[in-house]
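# Working through the structure, step by step
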Amino acid sequence: MYKKRSTKELREEVKATTEKMVKDVENYTRSPEQVKEMLDFMSRFHQYSFRNQALIRGQRPGATAIGSFKKFKDLGYSVQKGEKSIRVWAPSTTTEYQFRNEAGMLVRIPAGQADARIKAMAQEGRAEKKTRERFRLVPVFDATQTNMPVKDYPKLYPNRPMDYTADPKLVEQLAVATKQWVKKEQIEEYTVEDLTQSDLAQFKDEGQKGFSLPGAARQIIAIRDSLPESDKIAVRIHEMAHNALHQDSQDGKTTPEREFQAEMTSYVVCKHFGLDTGENATKYIAGWTKNGETFEFLPVQERGKMLGDVQKTAKTFINSISEQLEAQRSQSQTRAKKRETGLELE
């Protein structure tokens, strides 16, 4: 049973939780393999902030789907006896009255505790009613801690895209969806073979699979036409990540840091949709980071910010690509119905 904590206990809990999260970030940026492990986890919880992803990962590495005690109860399931909750940050809105006392000190009174005198002061303009948003640690549970059967896990995320892992049309569907997404973002996509000589001058080496021009007046991405379609999807997302994250050429990031972020974003997004690019991603990250040595001298807070930016970008990409996949399914269903009713000529 949940026991309300004192202010001191909450402060100590926040401190301990934050310190553990920082330590996890430090540990999971030491090698490409450890980075990949963190990214696998990130792909399952893309809707959560990186801070909460790190918290969940640190407390329950095998987590699959998260929900509150009430959420599981509302779905008709219960948390198993003796299970320890996972703590995550959640926004909390409070309304209070603020005013200065005779000594000039700021006094805050929760709205629920305000008496007639305080309310009268607010009406007279001597006190101000304000709403503040803060974050607090709240208890949640993983589906594996409940009696919810595996087949019902998707109920926790009703808008989650379908699992494409066993779908033979995965590559075809993702190829169309990602191309439409790029077009919707008003970025031009070319094959490397169709580029002009001035554009080709931007290439760093002959073995490069693609490139983009973030920060340029003309926003384009280019992908080698000779690549397999699955590889093109990963490269497309990689280059779009550069466009999203690296428009400012004066942001102080090194080339390895930029490539690290772009490849991490591509891996998380592909993994979410069931396209595993892990082998290539690990080699790519290892090459650019010298097996993690590049980041050993970066402050852990900076590493955390880099991963946080990846999480936000991956979340946006996943939601946008999901919209395109949903549109594909809707169009397919409409065509199927027309064929059934004879409204569409063969």
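Every chain is numbered on its own, with residues counted from 1 as its sequence reads. Residue-level local features of this predicted model are given only where pLDDT is at least 70; pairs of side-chain atoms are given and counted only at 80 or more, and the full residue set underlies all totals for whole chains, interfaces and linings. Side-chain numbers come from the whole structure's heavy atoms, not from hydrogens or water.

Counting 24 residues, the largest nonpolar core has Leu-174, Ile-237, Val-269 and Ile-321 as the members making the most contacts within it. In DSSP terms, a helix is any run of H or I states spanning at least four residues, a strand is any run of E spanning at least two, and both are numbered starting from the N terminus. Of all the secondary structure elements, the ones that give two or more residues to this core are helix H6 (170-184), helix H8 (229-245), helix H9 (255-272) and helix H11 (300-341). Examining the composition of this core, we find that six residues originate from one element, H6, more than from any other. In this view, Ile-321 contacts Leu-174, Ala-177, Thr-178, Trp-181, Ile-237, Val-269 and Phe-273; residues no more than four positions away in its chain are not counted. Formed by ten residues, the second largest nonpolar core is a distinct cluster that contains Ile-56, Ala-63, Val-88 and Val-138. The set of buried Ala, Val, Leu, Ile, Met, Phe, Trp, Tyr and Cys residues whose side-chain atoms join them within 4.5 Å is what this entry labels a nonpolar core. Buried, partly exposed and exposed residues are distinguished by accessible area as a fraction of the type maximum, computed with a 1.4 Å probe on protein chains only: under 20%, between the cut-offs, and over 50%, respectively. Should any heavy atoms of two residues lie within 4.5 Å, those residues are counted as being in contact.

Here we come to the packing of aromatic side chains. Any Phe, Tyr or Trp ring, taking Trp's six-membered ring, that has another such ring centre within 6.5 Å forms a pair; planes under 30 degrees apart are called stacked, those over 60 apart edge-to-face, and the others tilted. Within the structure shown, the criterion is met by two aromatic pairs. Ring geometry for Phe-69 versus Phe-141: centroids 6.4 Å apart, planes at 65°, classification edge-to-face. Note that Phe-69 is positioned in helix H4 (residues 69-74) and Phe-141 in strand E4 (residues 128-142), a separation of 72 residues in sequence. Ring centres of Trp-181 and Phe-317 lie 4.7 Å apart, and the angle between their planes is 65°; this geometry places the pair in the edge-to-face category. Residue Trp-181 is located in helix H6, and its partner Phe-317 is located in helix H11; the two are separated by 136 residues in the primary sequence.

Let's shift gears to the environment of Glu-193. Inspection of the secondary structure puts Glu-193 in the loop between strand E5 (188-191) and helix H7 (197-200). Distance from Glu-193 to Ile-223, taken between C-alpha atoms, is 8.6 Å for residues 30 residues apart in sequence. Setting aside residues no more than four positions away along its own chain, Glu-193 makes contact with Ile-223, Arg-224, Asp-225 and Ser-226.

Its place among the elements puts Glu-185 in the loop between H6 and E5. The partly exposed category is assigned to Glu-185, whose relative accessible area is 41%. Between the alpha carbons of Glu-185 and Ser-320 there is a distance of 9.7 Å; along the sequence they are 135 residues apart.

Pairing geometry for strand E2 (residues 86-100) and strand E3 (residues 106-110), over five bridges, is antiparallel. Bridge pairing in E3 places Gln-98 opposite Arg-108. At least two DSSP bridges between two strands are required for those strands to pair.

Orientation is described by lines fitted to C-alpha atoms, with helices fitted over the stretch in contact, and by angles between N-to-C directions that extend from 0 to 180 degrees. At a minimum axis distance of 8 Å, the contact between H8 and H9 shows a crossing angle of 130°. Considering their axes alone, H8 and H9 lie oblique with respect to each other. Judged by the sense of rotation from one axis to the other, the crossing of H8 with H9 is right-handed. Here H8 contributes Ala-234, Ile-237, His-238, Ala-241, His-242 and Leu-245 to the contact with H9, which in turn contributes Arg-258, Glu-259, Gln-261, Ala-262, Glu-263, Thr-265, Ser-266, Val-269 and Cys-270. Here the residues of the contact of H8 with H9 sort into seven nonpolar, five polar and three charged. Each angle gets one of four labels, with under 35 degrees taken as roughly parallel, over 145 as roughly antiparallel, 65 to 115 as roughly perpendicular, and the rest as oblique. What makes a crossing left-handed is the near helix being turned counterclockwise from the far one by less than a right angle; a clockwise turn instead makes it right-handed. All residues other than Ala, Val, Leu, Ile, Met, Phe, Trp, Tyr, Cys, Pro, Asp, Glu, Lys and Arg, Gly among them, are scored as polar; the first ten of these are nonpolar and the last four charged.

In this scheme, a helix's expected span is set at 1.5 Å multiplied by one less than its residue total. In a regular helix each residue adds 1.5 Å, so 15 residues correspond to 21 Å; H6 covers 21 Å between its end C-alpha atoms and thus fits that length. Those residues of H6 that sit buried are Leu-170, Gln-173, Leu-174, Ala-175, Ala-177, Thr-178, Trp-181 and Val-182. Following H6 by one or two positions, Gln-186 has its phi on the positive side, about 60°.

The side-chain alternation of strand E7 (residues 220-223) yields two buried faces, one formed by Ile-220 and Ala-222 and the other by Ile-221 and Ile-223. Relative to E7, E5 runs parallel, the two being bridged by four bridges. Within the sheet, the bridge partner assigned to Tyr-190 lies in E7 and is Ala-222.

All right, on to the sheet that holds E7 then. Read from one edge of the open sheet, three strands run E5-E7-E6, paired in mixed fashion. In this open sheet, the two edge strands, each paired with only one partner strand, are E5 and strand E6 (210-212). Averaged over neighbouring strand pairs, the angle between their axes works out to 15° when direction is ignored. Pairing of E6 with E7 involves three bridges; the strand directions are antiparallel. If you follow Gly-210 over to E7, its bridge partner there is Ile-223. Packed onto the sheet, H8 meets E5, E6 and E7 and runs at close to 155° relative to E7.

To continue, consider unusual backbone geometry. In most cases, non-glycine residues show a negative phi, while peptide bonds are predominantly trans. The backbone of Gln-186 sits at a positive phi, close to 60°, despite the residue not being glycine. Tracing the backbone through its elements, the reader meets Gln-186 in the loop between H6 and E5. A residue is classified by how much of its surface remains accessible, and Gln-186, at 71% relative accessible area, is exposed.

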